[in-house]
Amino acid sequence: MTTTLNRPPLLKATTPAPALRSTRRKKDRSYETRSLVSPMSLQTWHGKLVYWTVLVVVVIGFTLAFVFPLYWMVTGALKSPEELAQIPPSFFPKHFDFGVYADAWDQLQLGVFLKNTVLYAGGAWIFTLAVDVTAAYALSKLRPYFGKLILGLMLATLMIPPMVLLLPTYLVAKDVPLFHFDLLNTPWAIWLPAAANGFFIFLLKRFFDSIPRELLEAAEIDGASPMRILWSIVLPVSRPILGVVSILSVVTVWKDFVWPLLVLPETDKMSISVGIASLSAQMPQNVLIASLVIASLPTILVFFVFQRSIMAGLTAGSLKG
């Protein structure tokens with residue numbers, strides 16, 4: 001004899017699970033595609049016309065805004081002083097006189113100033129990498145006590161206007177505490193202040209944080225010291241961010257004017273920006289503009305050679321894994 005168990009009827013879901021998932025996907029797509037102009041509007045003839053018109057105008061406008069000053073500087077050096085002073089100005093020189101660049105090189109002593117600036121920028125680059133890389137590595141991987149507090153204090157220095165720090169830094173360079181060294185008219189007055197940079201330390205630390213911890217632990221198991229790990233593992237994989245920091249440090253020293261003007265008053269030790277400004281009063285205007293073109297060429301060449309490193313370093317450390 002069989003008995004039949006009274007089982008409660010199964011509750012039917014009002015919406016099947018696949019339908020729920022499809023509904024969620026539709027909602028997610030609606031949030032992903034929501035923008036100022038809908039994709040459907042861009043498919044129409046009117047939408048495409050407006051889109052390409054705005055794009056072309058913006059690209060051409062920004063290109064002219066950045067390229068036109070360079071064009072005006074290069075062509076201005078080829079004009080005569082009378083042609084530079086005429087109103088309205090001419091966009092093309094009537095006569096191309098490339099000898100003005102040779103005059104600028106000889107009259108403004110650009111060879112001496114360029115040699116000094118290369119020395120200052122190269123030394124600042126070496127000291128910047130030595131100090132900032134080790135500081136960022138210690139804060140990221142060695143994790144010292146009060147590391148977050150130290151990093152916060154470093155970043156707090158970025159909130160102080162540079163003009164506020166100008167006088168205290170000059171007094172320190174004039175008479176170094178404890179050692180009582182006078183760094184004026186020496187490359188050390190440029191190298192040491194440029195070595196510690198809170199922004200560079202922050203950039204390097206963010207990239208070092210993205211390096212897998214397991215990679216460093218494997219090196220520690222093999223007996224590698226922290227400095228060996230930094231030199232053999234961390235630095236080789238950090239080339240993009242090291243390139244960005246190197247370019248920024250060199251360009252910062254190259255274009256700096258106020259600080260070299262204060263700490264390098266002797267003519268034979270001036271940087272190129274200070275040297276051109278000191279001799280500009282007694283030079284024709286076209287010769288002065290030609291000297292500015294010569295002074296700008298190294299930084300422009302550095303950008304074109306290392307532009308890939310700049311673009312790669314802008315996104316370095318943004319993704320982990």
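Residues numbered from 1 in each chain as written. Predicted model: local features only at pLDDT ≥ 70, side-chain atom pairs only at ≥ 80, totals over all residues. Heavy atoms only, no water.

**Student:** Outline the overall build of the protein, listing residues and values.
**Tutor:** Scanning the protein for helices and strands turns up 17 helices and zero strands. A total of 321 residues make up the protein; the buried ones form 30% of that total. Relative to all contacts within the protein whose residues are 6 or more apart in sequence, the contacts with residues 24 or more apart total 71%. Accessible surface, the protein as shown: approximately 22,000 Å² in total, 70% of it carbon and sulfur. (Helix = DSSP H or I, 4+ residues; strand = E, 2+ residues; numbered from the N terminus. Buried < 20%, exposed > 50% of the residue type's maximum accessible area, 1.4 Å probe, protein only. Contact = heavy atoms within 4.5 Å. Areas by Shrake-Rupley, 256 points an atom, 1.4 Å probe, with all protein chains shown as cover.)

**Student:** Go over the packing of helix H7 (residues 147-156) against helix H10 (residues 198-209), please, and point to the residues and values.
**Tutor:** Contact pair H7 / H10: the axes reach a minimum separation of 8 Å and the direction vectors enclose 135°. Classed by the angle they form, the pair H7 and H10 counts as oblique. Handedness of the H7/H10 crossing: left-handed. Residues Leu-151, Met-154 and Leu-155 of H7 touch H10, and the partners they reach there are Gly-198, Ile-201, Phe-202 and Lys-205. Among the residues forming the contact of H7 with H10, the class breakdown is five nonpolar, one polar and one charged. (Axes fitted to C-alpha atoms, helices over the stretch in contact; angles between N-to-C directions. Parallel < 35°, antiparallel > 145°, perpendicular 65-115°, else oblique. Left-handed = near helix turned anticlockwise from the far one by under 90°. Nonpolar A, V, L, I, M, F, W, Y, C, P; charged D, E, K, R; others polar.)

**Student:** Outline helix H5 (residues 99-107), listing residues and values.
**Tutor:** Of the positions making up H5, those classed as buried are Val-100, Tyr-101 and Ala-104. Viewed end-on, H5 has its buried residues packed into an arc of 105°, placing them on one side of the element. Packed against the buried residues of H5 are helix H3 (45-77), helix H6 (110-142) and helix H16 (285-305). Just past H5, the residue Gln-109 takes up positive phi, approximately 55°. (Arc of directions from axis to C-beta.)

**Student:** A description of helix H13 (residues 239-255) should follow, citing residues and the corresponding values.
**Tutor:** Taking 1.5 Å as the rise per residue, H13 with 17 residues should run 24 Å; its terminal C-alpha atoms sit 24 Å apart, in good agreement. Turning to H13, its buried residues number three or more, namely Ile-241, Leu-242, Gly-243, Val-244, Val-245, Ser-246, Ile-247, Ser-249, Val-253 and Trp-254. (Expected span 1.5 Å × (residues − 1).)

**Student:** Break down the nonpolar core for me, citing the residues and quoting the values.
**Tutor:** Counting 38 residues, the largest nonpolar core has Tyr-101, Leu-110, Ile-190, Val-263 and Ile-272 as the members making the most contacts within it. Filtering out sequence-adjacent residues up to four positions away, Val-263 remains in contact with Tyr-170, Leu-184, Asn-185, Ala-189 and Ile-190. With 22 residues, the next largest nonpolar core counts Val-133, Tyr-137, Phe-200 and Leu-230 among its residues. (Core = buried A, V, L, I, M, F, W, Y, C linked by side-chain atoms within 4.5 Å.)

**Student:** Describe the packing of aromatic side chains, naming the residues involved and giving the relevant values.
**Tutor:** All chains considered together, the criterion is met by 11 aromatic pairs. With 6.2 Å between their ring centres and 50° between their planes, Phe-199 and Phe-200 make a pair best called tilted. In textbook terms, an aromatic cluster arises when at least three aromatic residues are bridged by ring pairs, as seen for Phe-68, Tyr-71, Trp-72, Phe-91 and Phe-92. Of note, Lys-79 hangs over the ring of Trp-72, and the distance from its end group to the ring centre comes to 4.3 Å. (Phe/Tyr/Trp six-rings, centres within 6.5 Å; stacked < 30°, edge-to-face > 60°. Lys NZ or Arg CZ within 6 Å of the ring centre and 35° of its normal.)

**Student:** Provide a residue-level description of the confidence of the model for the protein, including the pertinent values.
**Tutor:** Mean pLDDT over the protein: 81, with 83% of residues reaching 70 or higher. Note on residues 1-5: pLDDT is under 50 here. Beyond four places in sequence and across chains, it has zero contacts. (pLDDT = per-residue confidence, 0-100.)

**Student:** Please set out the pattern of salt bridges residue by residue, giving values where relevant.
**Tutor:** Here the structure, examined in full by the defined rule, presents four salt bridges. For Lys-174, the salt bridge identified is with Asp-182, shortest N-O distance 3.7 Å. Classification of Lys-174 as partly exposed rests on a relative accessible area of 41%. Given the relative accessible area of 42%, Asp-182 is considered partly exposed. In this structure, Lys-269 engages Glu-266 in a salt bridge whose closest nitrogen and oxygen atoms are separated by 4.0 Å. (Salt bridge = Lys/Arg side-chain N within 4 Å of Asp/Glu carboxyl O.)

**Student:** Which residues make up the side chain of Ser-238, and what values go with them?
**Tutor:** On the secondary structure map, Ser-238 appears in the loop between helix H12 (226-237) and H13. Only 2.6 Å separates the side chain of Ser-238 from the backbone oxygen of Val-234, close enough to count as a polar contact. Look past the residues within four positions of Ser-238 in its chain and what remains in contact with it is Phe-207, Phe-208 and Ile-211. (Polar contact = N/O pair within 3.5 Å; in protein donor to acceptor, adjacent residues only side chain to side chain.)

**Student:** So what's going on with the environment of Ala-138? Residues and values would help.
**Tutor:** Its place among the elements puts Ala-138 in helix H6. Measuring from C-alpha to C-alpha, the distance between Ala-138 and Leu-230 comes to 9.8 Å, with 92 residues separating the pair along the chain. If near-sequence neighbours (up to four positions away) are discounted, Ala-138 is found in contact with Arg-143 and Pro-144.

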